[in-house]
Amino acid sequence: MHGQLIRWICYAIGYVFITSGVIKLIVPYFKGLFAGLGLPYPELTLFLVAVIEIACGMLIAGRMYIRFATPPLILIMAVAIVLTKIPILTHSGFLSFAFEARLDIVMLILLFLIWKHVV
């Protein structure tokens, strides 16, 4: 991949995950959301997810340790899709799922791209 393109992809990924992590830490809504998902220790899980998103997002935006920073984010996105988007697919249909999962899917694609193509 061209260096300039990778740089902008890394900035975009970093932006999404850094802002997502920060919002999870400061907006109380997410505590209830995580508790409603049936996750064990929802507040601790929320905190860990937020910190991982911020740390890995910063590493990717800085194009540092990309091969180590992408797998945790891929895992977070995959779990988010399974826990929050698949229920939409089963209850509301494909179009609702496609709309609600659009950012998750784009982030997964971009994460796989940089994971496979960045040395």
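In this text the structure is predicted, and so the values were computed from the model without any measurement.

Peer 1: Tell me about the layout of surface pockets, residues and numbers included.
Peer 2: One number sums up the size of the largest pocket: a volume of about 710 Å³. The wall of the largest pocket is formed by 30 residues, among which K24, V49, E53, I76 and A80 lie closest to the centre. Breaking the lining of the largest pocket down by element, the ones donating at least two residues are α1 (3-26), α2 (29-36), α3 (42-61), α4 (66-92) and α6 (102-117). The leading source of residues in the lining of the largest pocket is α4, at nine residues. When its residues are assigned to classes, the lining of the largest pocket shows 20 nonpolar, four polar and six charged.

Peer 1: Requested: an account of the state of the cysteines, with residues and values cited.
Peer 2: All chains considered together, the criterion is met by zero disulfides. The cysteine C10 is free of any disulfide, with C56 supplying the nearest cysteine sulfur at 13 Å. For C10, a relative accessible area of 0% gives the class buried.

Peer 1: Provide a residue-level description of the environment of E100, including the pertinent values.
Peer 2: Following the sequence through the fold, E100 ends up in helix α5 (residues 94-100). Here E100 falls in the partly exposed class, since its relative accessible area comes to 38%. Along the sequence, E100 and A78 sit 22 residues apart, while their C-alpha atoms lie 14 Å from each other. Here E100 is in contact with K85 and I88, once residues within four sequence places are set aside.

Peer 1: Got a sec to walk through unusual backbone geometry? Specific residues and values, please.
Peer 2: The phi angle at R63 is positive, at roughly 55°, despite the residue not being glycine. The class for R63 is partly exposed, based on a relative accessible area of 40%. At Y65, a residue that is not glycine, the phi angle is positive and equals roughly 50°. Within the element layout of this structure, Y65 appears in the loop between α3 and α4. The exposure class of Y65 is exposed, given its relative accessible area of 56%.

Peer 1: Describe the confidence of the model for the chain, with residues and values.
Peer 2: When pLDDT is averaged across the chain, the result is 94; 98% of the residues are at 70 or more. Per-element confidence in the chain ranges from a low mean pLDDT of 90 for α2 to a high of 97 for α3.

Peer 1: Hey, could you go over α3 for me, with residue numbers and the actual values?
Peer 2: With 20 residues, α3 extends 28 Å between its outermost C-alpha atoms, agreeing within 8% with the 28 Å of an ideal straight helix rising 1.5 Å per residue. Turning to α3, its buried residues number three or more, namely L46, V49, A50, E53, I54, C56, G57 and I60. R63 sits one or two positions beyond α3 and adopts a positive phi of about 55°.

Peer 1: An account of the packing of aromatic side chains is requested, with residue identities and associated values reported.
Peer 2: Going through the model one piece at a time under the given rule, you end up with four aromatic pairs. Their ring planes at 90° and their centres at 5.3 Å tell us that W8 and Y11 sit as a pair that is edge-to-face. Of this pair, W8 and Y11 both sit in helix α1, three residues apart, which is roughly one turn of the helix. On the basis of relative accessibility, which here comes to 55%, the residue W8 falls in the exposed class. Consider the rings of Y29 and F30, whose centres lie 5.3 Å apart with planes at 75°: the pair is edge-to-face. Relative accessible area serves as the criterion here: at 53%, Y29 is assigned to the exposed category. Overall, the relative accessible area of 18% leaves F30 in the buried class. The cationic tip of K24 hangs over the ring face of F30; the distance from NZ or CZ to the ring centre is 5.7 Å. One Lys or Arg, R102, reaches over the ring of F99 and ends 3.9 Å from the middle of that ring.

Procedures and definitions
- Residues numbered from 1 in each chain as written.
- Predicted model: local features only at pLDDT ≥ 70, side-chain atom pairs only at ≥ 80, totals over all residues.
- Heavy atoms only, no water.
- 1 Å grid on protein atoms, 1.4 Å probe; cavity = no way out; pocket = protein on both sides within 12 Å on 5 of 7 lines; lining within 4 Å.
- Points joined across faces, edges and corners; volume = space filled by probe spheres on them.
- Helix = DSSP H or I, 4+ residues; strand = E, 2+ residues; numbered from the N terminus.
- Nonpolar A, V, L, I, M, F, W, Y, C, P; charged D, E, K, R; others polar.
- Disulfide = S-S within 2.5 Å.
- Buried < 20%, exposed > 50% of the residue type's maximum accessible area, 1.4 Å probe, protein only.
- Contact = heavy atoms within 4.5 Å.
- pLDDT = per-residue confidence, 0-100.
- Expected span 1.5 Å × (residues − 1).
- Phe/Tyr/Trp six-rings, centres within 6.5 Å; stacked < 30°, edge-to-face > 60°.
- Lys NZ or Arg CZ within 6 Å of the ring centre and 35° of its normal.

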